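Each chain is listed here by its residues.
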Amino acid sequence: MELRVSTAVPVPGTTRYLCPLECGWHHDVPPPTLTRIAELGATADPAARDIHEAISSVATRATFAEVERTETALREHLDTHTTAQFARVIHDLRVEIAHLKSSGEADQ
Ligand SMILES: [Zn+2]
């Protein structure tokens, strides 16, 4: 399993998606700047009736492109984990929840 772990601090406004199995992997989504919109290849809807609709359509298309990239990255990463790894994390969470519940009851 290839593990890409970066300790570099992302640019402000970055949304970081962490692996739910806490393996250290993450996917960074940079803030929606004009540069990022260009990178995503978002273009205006040719059916836009005016400049405002055109700008709005570019923003909408860029958002969808970013979401699609994020989902693909997450799916591809989760595919690198085994069923046993998911089962262990679920088990550990259940133990942790049970511990928290019992310590909460002890406080009352
Ligand atoms: Zn992971």
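Residues numbered from 1 in each chain as written. Predicted model: local features only at pLDDT ≥ 70, side-chain atom pairs only at ≥ 80, totals over all residues.

### Regarding the overall build of the protein
Counting its secondary structure elements, the protein contains 3 helices and 2 strands. C-alpha extents for the protein along the principal axes are approximately 65 × 40 × 25 Å. Looking at the protein residue by residue over its 108 residues, the buried ones come to 3%. In the protein, the share of contacts with a sequence separation of at least 24, taken over all contacts with a separation of at least 6, comes to 33%. (Helix = DSSP H or I, 4+ residues; strand = E, 2+ residues; numbered from the N terminus. Buried ≥ 20, exposed ≤ 12 C-beta atoms within 10 Å, placed from the backbone. Contact = placed C-beta atoms within 7 Å.)

### Details of helix H3 (residues 83–107)
Helix length check: H3, at 25 residues, gives a terminal C-alpha distance of 36 Å against a target of 36 Å (1.5 Å per residue), a fit within 8%. Of all 25 residues that make up H3, 0 are buried, and the element is exposed over most of its length. (Expected span 1.5 Å × (residues − 1).)

### Focus on unusual backbone geometry
Even without being a glycine, Glu 22 presents a positive backbone phi close to 55°. Topologically, Glu 22 is positioned in the loop between strand S1 (15–18) and strand S2 (26–29).

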